[in-house]
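Structural features, examined
One letter stands for each residue in the lines below.
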Amino acid sequence: MPFAEFWTWLQALPLSEYIGFTWWFPFLESIHVLAVGLVVGSILMVDLRLLGVTALDYPASRVTRELVPWTWGAVLVAIVTGTGLFMTRASVYIENPAFQIKLLCLVLAGANMAWFQFRTFRDVESWDTATVTPRAARIAGVTSLLMWAGVVFAGRWVGHSI
Amino acid sequence: MQESLARALTDSQASEFAVYLLGNVPGLPPIAQSIHILGIAVVMSSAVMVDLKLLGVALPSQNVSEMIRRLMPWTWWALLSNALTGLLFVVARPNRYFYNPVFGWKFMCLVPAVLLAVLLYRLNKRETGYWERSTGRRVSARVIAAVSIVLWIGVVLAGRWIAYTEYLYFLYE
């Protein structure tokens, strides 16, 4: 595993050991689940609008602009709490296939979000109120739904495989 | 009552079946738990989003009454799904849950949270724009929303802590 010394160093930190051996682990884990719920919940609303399934009374750009900040805020909390959990057994997690799949899903979800933001969203004026959204927007919506569901499944799997 | 219910469930065929499913269907425990978490996400995007809207912190361009009508049915379906995925585990190991104080706390949060969500939904259904008609109703809606959010957070946190009850007893010492 690349950076093997780094992962070993990370999990040997006093902070890592403190989290791992105290109630901080379940505490961070419960906040993590809460944050993940809000990440998936907020992006779900955007995705369903992009798919033309619901909230069609509102322009796609408004739905997106009003919800994505919630997603990013919750992602931030999930990353901070997730890092706290990860560092307790970094060298084990990093080699865990479920954890690797989770990271892959996260990267793909992020790439999909960036592609949508910088390509598909640029001409949003032309389809903002259309009830049938363009193919690129629908692909972004489906990809997002699948990747975030993948994050949840793989994430829950990590707890069963370590 | 709790003891007899736990014992009756433990001895039931339903329990035997749930134990069999969880032990023999490959990946069923994490799959059911993941679906349970996705259900939480749907509650976040429906009941909790309505609460955040009532508090005036989310979705400024959307209409309260229309939001309640459009989003709350998603809450009911998510709660049904979570009841099923949750029951699988409770029926399989009743003693693990019935004698767990954190499981009790979860339901002490869940039941009022659901009742408040039903209240928001029903009155809005009876009269469109119910929660915006007067200052009194607007204030009531905000109080309900604030209490609901705290309760939903309690449900999720307690839910995760069911597996860590021993840490709480450690804290008490």
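Look up a bit, the structure's there.
Reading the values: rules and limits
- Residue positions are counted from 1 within each chain, in the order its sequence is given.
- Labels are handed out in written order, letters beginning with A for the chains and numbers beginning with 1 for the ligands.
- Two thresholds apply to this predicted model, a pLDDT of at least 70 for residue-level local features and 80 or more for giving and counting side-chain atom pairs, whereas whole-chain, interface and lining totals are computed over all residues.
- Every helix listed is a DSSP run of H or I at least four residues long, and every strand listed is a run of E at least two residues long, numbered separately from the N terminus.
- Exposure classification rests on a simple neighbour count of other C-beta atoms within 10 Å of a residue's own: a residue reaching 20 or more is buried, one at 12 or fewer is exposed, and one in between is partly exposed. C-beta atoms are placed from the backbone.
- We call two residues in contact whenever the C-beta atoms placed from their backbones are within 7 Å.
- Every axis in this analysis is a line fitted to C-alpha atoms, fitted for helices over the stretch in contact. Angles between the N-to-C directions lie between 0 and 180 degrees.
- Note on angle classes: values under 35 degrees are labelled roughly parallel, values over 145 roughly antiparallel, values of 65 to 115 roughly perpendicular, and the remainder oblique.
- When the near helix sits turned anticlockwise from the far one by under a right angle, the crossing is termed left-handed; a clockwise turn instead gives a right-handed crossing.
- Gly counts as polar in this scheme, as do all residues outside two lists: the nonpolar Ala, Val, Leu, Ile, Met, Phe, Trp, Tyr, Cys and Pro, and the charged Asp, Glu, Lys and Arg.
- Multiply 1.5 Å by the residue count of a helix minus one, and that product is the helix's expected span.
- Bend is computed residue by residue as the angle between axes fitted to the seven residues ending at the residue and the seven residues starting at it.

1. Remarks on the overall build of chain A
Helices and strands together make up the secondary structure of chain A, namely seven helices and zero strands. Ordered by position in the sequence, the α and β elements of chain A form the string α-α-α-α-α-α-α. Within chain A, buried positions represent 39% of all 162 residues. Excluding contacts between residues fewer than 6 apart, the proportion of contacts in chain A whose partners are at least 24 apart in sequence is 81%.

2. A short note on the interface of chain B and chain A
Facing 27 residues of chain B, the contacting portion of chain A comprises 26 residues. For the side of chain B that touches chain A, the elements supplying multiple residues, two or more each, are helix H3 (28-54), helix H4 (64-92), helix H7 (135-161) and helix H8 (165-172) of chain B. Residue contributions to the side of chain B that touches chain A peak at eleven residues, all from H3 of chain B.

3. With respect to the packing of H4 of chain B against helix H6 (residues 101-126) of chain B
All names here are of chain B. At a minimum axis distance of 10 Å, the contact between H4 and H6 shows a crossing angle of 140 degrees. On the basis of their axis angle, the class for H4 and H6 is oblique. Here the hand of the crossing between H4 and H6 comes out left-handed. Contacts between H4 and H6 involve Ser 65, Ile 68, Arg 69, Met 72, Thr 75 and Leu 79 on the former and, on the latter, Val 114, Ala 117, Leu 120, Tyr 121 and Asn 124. When its residues are assigned to classes, the contact of H4 with H6 shows seven nonpolar, three polar and one charged.

4. A few points about the packing of helix H6 (residues 97-118) of chain A against helix H7 (residues 135-160) of chain A
Residue and element names in this part refer to chain A. For the pair H6 and H7, the least separation of the axes is 8 Å and the interaxial angle reads 160 degrees. Accordingly, the angle class assigned to the pair H6 and H7 is roughly antiparallel. The hand of the H6/H7 crossing is left-handed. Between H6 and H7, the residues in contact are Ala 98, Phe 99, Ile 101, Lys 102, Cys 105, Leu 106, Leu 108, Ala 109, Asn 112 and Phe 116 and Ala 140, Thr 143, Ser 144, Met 147, Trp 148, Gly 150, Val 151, Ala 154, Gly 155, Trp 157 and Val 158, respectively. Each residue belonging to the contact of H6 with H7 can be placed in one class, and the counts come to 15 nonpolar, five polar and one charged.

5. Section: H3 of chain B
Residues and elements named next belong to chain B. When the terminal C-alpha atoms of H3 are compared, their 38 Å separation across 27 residues agrees well with the 39 Å that a helix rising 1.5 Å per residue should span. Residue Val 48 marks the point of greatest curvature in H3, where the axis turns by about 35 degrees. Burial of H3 is extensive: 20 of the 27 residues sit out of reach of the surface. Within two residues after H3, Gly 56 carries a phi angle of roughly 80 degrees, on the positive side.

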